[in-house]
Structures are given as C-alpha cells and as structure tokens.
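Structural features, examined
Residue strings, one per chain:
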Amino acid sequence: QVQLVESGGGSVQSGGSLRVSCAVSGAVYSKYCMAWFRQYPGKEREGVAAIDTEGITTYKHSVKGRFTISQDYTKNTLYLQMTALKPEDTAMYYCAAGFPRFLCGDLTNMGQAANYWGQGTQVTVSS
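Residues numbered from 1 in each chain as written. Predicted model: local features only at pLDDT ≥ 70, side-chain atom pairs only at ≥ 80, totals over all residues. Heavy atoms only, no water.

The next point concerns the pairing of strand β7 (residues 67-72). Across the two faces of β7 the burial differs, with F67, I69 and Q71 buried and T68, S70 and D72 not buried at all. With six bridges joining them, β7 and strand β8 (residues 77-82) adopt antiparallel strand pairing. Opposite F67, over in β8, you have M82 as the bridge partner. Taking the residues that link successive antiparallel strands as the turn, the β7-β8 hairpin has four residues, and the phi of N76 there is positive, at about 50°. (Buried < 20%, exposed > 50% of the residue type's maximum accessible area, 1.4 Å probe, protein only. Helix = DSSP H or I, 4+ residues; strand = E, 2+ residues; numbered from the N terminus. Pairing = 2+ DSSP bridges.)

Right, dumping it as structure tokens:
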C-alpha cells in the first residue's frame, strides 16, 4: 500500500510564498515518478510539476520560474515550493505517484495514469 499525505496549504497574499509537502509511505520512494497537480472548482485536475527518478523536473508553463518541485529522500517527502503566488494559483493541490515512467513529465496526460493520490491541500492566494 502506498499512502500520500499533503500538508502545508493555507492562505497567502498575492506575491507571497508557500511550501506544500507530501509525505510518502508504504513504498520505496525512489522508485516513483511523482508530481503535483492542482484542481480549480468545477475543473479537471491539471499537472503542475513532475519529477522523475533521476531528478529531472517538468513544469506547467504558467508556474515555471515560480514553483520548484523537489524530493527529500531521507524524509520520504515531496515538496512544492511556490513563490510569487498569484490569485490564479488558488486551487486544491494534490500529489500523485505511480506513473508509467514514459509518461513522467507529460503533464497533459499523466494525471489519467496516476495510481496513487493524496487527499489534497488547499492553497488560497488573495489580492
């Protein structure tokens, strides 16, 4: 069994920063391509950032340069450091794992292939 638990969401002002975390348990962390998704109310989840087992990262264009995905293998934790936050970043953020390796980084399609999802953590950015 694999369990993903997000934390760190909250409310910040536009231009602020926030780091969300995803604690991973029940599997060998290094074997998974992992990613962060976000979902706006009434919309499908969209890929935000992904990191493969080699540490190669991929970002949605709108967050490039502002968000950083990283892993701490010692703590079995995935992070998404978000800076220069905008109101458009307001969403529920989810971490996911268990992607076929050939899809890792394909932010358009990888969400349909994820085997494991966290419960989500809300990020709200106010003006």
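There is more to say after this.
Mapped onto the elements, I51 comes out in strand β5 (residues 46-51). The exposure class assigned to I51 is buried, which follows from its relative accessible area of 6%. Expressed as a C-alpha distance, the spacing of I51 and S70, which sit 19 residues apart in the sequence, is 7.3 Å. Other than its neighbours up to four places away in sequence, I51 contacts C33, M34, I56, T57, I69, S70, Q71, L78 and C104. (Contact = heavy atoms within 4.5 Å.)

Turning our attention to the layout of surface pockets. In this structure, the largest pocket occupies an estimated 160 Å³ of space. If you trace the largest pocket, you find it lined by F37, E44, R45, E46, G47, K60, L107, T108, N109, G111, Q112 and W117. Here the residues of the lining of the largest pocket sort into three nonpolar, five polar and four charged. (1 Å grid on protein atoms, 1.4 Å probe; cavity = no way out; pocket = protein on both sides within 12 Å on 5 of 7 lines; lining within 4 Å. Points joined across faces, edges and corners; volume = space filled by probe spheres on them. Nonpolar A, V, L, I, M, F, W, Y, C, P; charged D, E, K, R; others polar.)

The next point concerns the sheet that holds strand β3 (residues 18-25). What the four strands build is an open sheet, ordered β1-β3-β8-β7; its pairing is antiparallel. In the strand order of this sheet, the two ends are held by β1 (3-7) and β7, each with one partner. Adjacent strand axes in the sheet meet at a mean angle of 15°, parallel and antiparallel pairs treated alike. (Axes fitted to C-alpha atoms, helices over the stretch in contact; angles between N-to-C directions.)

This part covers the packing of aromatic side chains. With the rule as written, the count across this model stands at three aromatic pairs. Aromatic pair F37 and F99: ring centres 6.2 Å apart, planes at 25°, arrangement stacked. In this pair, F37 sits in strand β4 (residues 34-39) while F99 sits in the loop between β9 (91-97) and β10 (116-117), placing the two residues 62 residues apart along the sequence. Take F37: its relative accessible area is 1%, and that puts it in the buried class. The buried category is assigned to F99, whose relative accessible area is 7%. With a centroid separation of 6.5 Å and an interplanar angle of 90°, the aromatic rings of Y94 and W117 are classed as edge-to-face. Taken together, the positions of Y94 in strand β9 and W117 in strand β10 put the pair 23 residues apart, joining distant regions of the chain. Its relative accessible area of 10% is what places Y94 among the buried residues. When its relative accessible area of 29% is taken as the criterion, W117 is described as partly exposed. (Phe/Tyr/Trp six-rings, centres within 6.5 Å; stacked < 30°, edge-to-face > 60°.)

The full count for this structure, using the stated rule, is two disulfides. A sulfur-sulfur distance of 1.8 Å marks the disulfide that ties C33 to C104. Across the S-S bond of C33 and C104 the torsion is about 85°, and the bridge reads as right-handed. Remark: C104 occurs in the loop between β9 and β10 and C33 occurs in the loop between β3 and β4; sequence separation between them is 71 residues. For the protein chain, the disulfide bridges join cysteines in the arrangement 1-3, 2-4, where the cysteines are counted in sequence order. (Disulfide = S-S within 2.5 Å.)

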